[in-house]
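Fold and contact review
The chain contents come next:
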Amino acid sequence: MILLYTAIAIAFITLAYMRYEAANVKVKKVFFTEGVGHLKVVHLSDIHISLLRVDINKIKKILKKENPDLVILTGDYIDSVRQIPAFLNFLDKIKGNYDIFLCYGNHDYKVFRKNKDGLEKFTLDLEKRGVRVLLNDSVLYKKGEHSYNIIGIEDFRSKRHDVKKALKNCKNNVTANIAFSHNPDIALELPEDTVDFLLCGHFHGGQIWMPFDFEFKILRHERVCKMGIKKGLNKLNNLIIYINSGIGNVLIPLRFFSPPEITVLYFP
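Let me sum up the structure you'll find in this document. (Residues numbered from 1 in each chain as written. Predicted model: local features only at pLDDT ≥ 70, side-chain atom pairs only at ≥ 80, totals over all residues. Heavy atoms only, no water.)

**Points about helix H5 (residues 116-128)**
The terminal C-alpha atoms of H5, which comprises 13 residues, lie 18 Å apart, in line with the 18 Å expected from a rise of 1.5 Å per residue. Turning to H5, its buried residues are Gly118, Leu119, Phe122, Thr123, Asp125 and Leu126. Down the axis of H5, the sector holding all buried residues measures 160°, keeping them to one side. The outward face of H5, more than 90 degrees from its buried face, is lined by the exposed residues Lys116, Asp117, Lys121 and Lys128. Looking at the buried positions of H5, the neighbouring elements they touch are helix H3 (84-94), strand S4 (99-103), helix H4 (106-111) and strand S5 (131-133). (Helix = DSSP H or I, 4+ residues; strand = E, 2+ residues; numbered from the N terminus. Expected span 1.5 Å × (residues − 1). Buried < 20%, exposed > 50% of the residue type's maximum accessible area, 1.4 Å probe, protein only. Arc of directions from axis to C-beta. Contact = heavy atoms within 4.5 Å.)

**Things to note about a positive patch on the surface**
Positive charge collects at one region of the surface, where Lys26, Lys58, Lys61 and Lys65 lie side by side. Looking at the positive patch element by element, the count peaks at 3 residues for helix H2 (residues 56-66). Tracing the sequence through the fold places Lys61 in helix H2. (Patch = residues over 30% accessible without salt bridge, like charges linked within 9 Å, V, L, I, M, F, W, Y side chains within 5 Å. Areas by Shrake-Rupley, 256 points an atom, 1.4 Å probe, with all protein chains shown as cover. Salt bridge = Lys/Arg side-chain N within 4 Å of Asp/Glu carboxyl O. Lys, Arg positive; Asp, Glu negative; His and termini not counted. Charge placed at Lys NZ, Arg CZ, Asp CG, Glu CD.)

**A short note on the pattern of salt bridges**
Pairing is possible between side chains of opposite charge, provided their charged atoms come close. According to the stated counting rule, one finds 10 salt bridges in the structure shown. Residue Arg223 pairs with Asp185 through a salt bridge whose shortest N-O separation is 3.9 Å. Here Arg223, found in helix H8 (residues 223-226), pairs with Asp185, found in the loop between strand S8 (176-180) and strand S9 (197-200); they are 38 residues apart in sequence, far enough to count as distant. For the salt bridge of Arg223 with Glu189, the shortest nitrogen-to-oxygen distance reads 3.0 Å. Taken together, the residues span a long stretch of sequence, with Arg223 in helix H8 and Glu189 in the loop between S8 and S9 at a distance of 34 residues. You can call Arg223 partly exposed: its relative accessible area is 38%. Judged by its relative accessible area of 33%, Glu189 falls in the partly exposed class. Salt bridges sharing common partners tie together Lys29, Lys40 and Glu66.

Here you go:
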């Protein structure tokens, strides 16, 4: 009986901690330069608005404090059309004096897989809010004497990516080519030396930690995982990859040794 009560107590404490962790976002800073005039980007991913436990006001406060040039979102916002108003409200609340760019993730595309008009309306609603939706496209962003190709590539898993199209309008002689997409496997589709930095999400940092990387071995089949590229800062050939652990959750609103993440990146 003592063992049973002990097991119940441990289970209760563990679940309580997992719920607590899911609500407590960590701010991670990544410096690619310490020079003056850098480009400051906040990277958010995998919001999963219905299972988001991080307080939106806290996210807004972090963004206000960091005051970035750009905010880049790398997919998986909704799992149902019913969640669209909540996600749009999320964007309305976090808006500030910075540009917002985003692409879609596999969950977003799954919502609209038989509803092309719905996806177009969703995109239009985002753009009405001043959000730039980059789907296999790029824009030139300038800050001071520096310029950057900001490149949005559609989701690899959804088979909508077109790297050639995404890179087509990139300008020459820029400070850096910064690409973003949802699934990190897109890194294996990029021609060498065409992109300097790649921002992704999708893996949730594992979300529920298990020993021996079982959370990745069981739940993930992406090629980059088999190469040891799973979260945080990585390098593949000459490409620098950052995989954000996301701020939302999938399936259950719990995390274990994989806290929600807002990343602040400083580019040359």
